[in-house]
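# Structure assessment
Each chain is listed here by its residues.
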Amino acid sequence: MKIHEEALAGKPLSCEVIDAHTHIGAYTNMGWYQYKPELKEVIAMMDRCGINTIVTAPHAMVGSYYEIANKISADAIKKYPGKIMAYLVFNPIFGVDETKKQIKQYFGKQGFVGFKFLAAGRRAL
């Protein structure tokens, strides 16, 4: 049976399924609300949908909280190794030194597989 036939039949897919654009953590902004942001609920939804692995950039990055976002990712990767991977997030507004600091702290660690740049928010004066 081909993959599209498996999907149309509602059967589990016979291949690895990776969702490479996800966000974890609570988020409420401009009327948008994420339903069930808890990690255990994210994992349950992945299992229901047949998703083996997600690559995530936590919602905290939107408010320029890149340090918090990277910590959320590191904790999630540790709790669910192989199920959750992450993009190392940066806000270029904070400059090269802050970016280097985050790279040194997280890049090359298990589960961090790429980068996400988001120039949201403002730099503190």
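Figured I'd write up the structure that's included with this text. Numbering of residues begins from 1 in every chain and follows the order in which that chain's sequence is written. At least 70 in pLDDT is required for a residue's local features to be given in this predicted model, at least 80 for side-chain atom pairs to be given and counted, and no such filter applies to totals for whole chains, interfaces and linings, which use all residues. Hydrogens and water molecules were not included; the side-chain quantities draw on all heavy atoms of the structure.

On to the overall build of the protein chain. Helices and strands together make up the secondary structure of the protein chain, namely four helices and six strands. Order of helices (α) and strands (β) in the protein chain, N terminus to C terminus: α-β-β-β-α-β-α-β-α-β. Burial statistics for the protein chain: of 125 residues in total, 34% are counted as buried. Once local pairs closer than 6 in sequence are excluded, the contacts in the protein chain between residues at least 24 apart make up 72%. Summing over all exposed atoms, the protein chain offers an accessible surface of approximately 8200 Å²; the carbon and sulfur share of this is 59%. For helices the rule is a DSSP run of H or I covering at least 4 residues; for strands it is a run of E covering at least 2, with both sets numbered from the N terminus onward. Remark: exposure states derive from per-residue accessible area (1.4 Å probe, protein chains only) relative to the maximum for the residue type, with buried under 20%, exposed over 50%, and partly exposed in between. Whether two residues touch is decided by their heavy atoms; if any such pair falls within 4.5 Å, the residues are in contact. Residue burial considers only the protein chains on display, and all accessible areas are found by Shrake-Rupley using a 1.4 Å probe.

Further remarks concern the side chain of Gln-102. Along the chain, Gln-102 falls in helix H4 (residues 95–106). By relative accessible area, which is 1% here, Gln-102 ends up buried. One polar contact links Gln-102 to Asn-70, side chain to side chain, over a distance of 2.7 Å. Every residue in contact with Gln-102, bar those within four places of it in the chain, is listed here: Tyr-66, Glu-67, Asn-70, Leu-88, Phe-90 and Phe-107. Polar contacts here mean pairs of N or O atoms no more than 3.5 Å apart (in protein, one a potential hydrogen donor and the other a potential acceptor; neighbouring residues in sequence count only if both atoms are side-chain atoms).

Centre distance within 6.5 Å is the pairing criterion for rings of Phe, Tyr and Trp, where only the six-membered ring of Trp is used; planes under 30 degrees apart are then read as stacked, over 60 as edge-to-face, and the remainder as tilted. If you walk through the whole model with that rule in mind, you get six aromatic pairs. Centre to centre, the rings of Tyr-66 and Phe-94 are 5.2 Å apart; their planes meet at 55°, and the pair counts as tilted. In this pair, Tyr-66 is assigned in helix H3 (residues 66–79) and Phe-94 in the loop between strand E5 (84–90) and H4, connecting sequence segments 28 residues apart. An aromatic cluster of at least three residues, connected via ring pairs, comprises Phe-90, Phe-107, Phe-115 and Phe-117.

This paragraph deals with the nonpolar core. Core analysis: the biggest nonpolar cluster contains 16 residues, and Met-46, Ile-54, Ile-84 and Phe-112 have the highest contact counts within it. When contributions to this core are tallied by element, the ones reaching two or more residues are helix H2 (39–49), H3 and E5. A total of four residues in this core trace back to one element, the largest contributor, which is E5. In this view, Ile-84 contacts Leu-39, Ile-43, Ile-54, Thr-56, Ala-76 and Ile-77; residues no more than four positions away in its chain are not counted. Membership of the second largest hydrophobic core comes to seven residues, among which are Ala-57, Tyr-66, Ala-69 and Val-89. Definition of nonpolar core: a set of buried residues of the types Ala, Val, Leu, Ile, Met, Phe, Trp, Tyr and Cys, connected through side-chain atoms within 4.5 Å.

With that settled, consider the sheet that holds strand E1 (residues 18–22). The pairing criterion is simple: DSSP has to find at least two bridges between the two strands. Here four strands make up an open sheet; going across it, the order is E1-E4-E5-E6 and the pairing parallel. Whereas interior strands pair on both sides, the edge strands pair on one side only; in this sheet they are E1 and strand E6 (112–117). If you compare each strand with its neighbour and ignore which way they point, the axes differ by 25° on average. In terms of strand pairing, E5 meets E6 through five bridges, oriented parallel. Within E6, the residue paired with Ala-86 across the bridge is Phe-112. Against the sheet, H4 engages E5 and E6, with an angle of about 160° to E5. A fitted line through C-alpha atoms serves as each axis, taken over the contacting stretch for helices, and the angle formed by two N-to-C directions is quoted from 0 to 180°.

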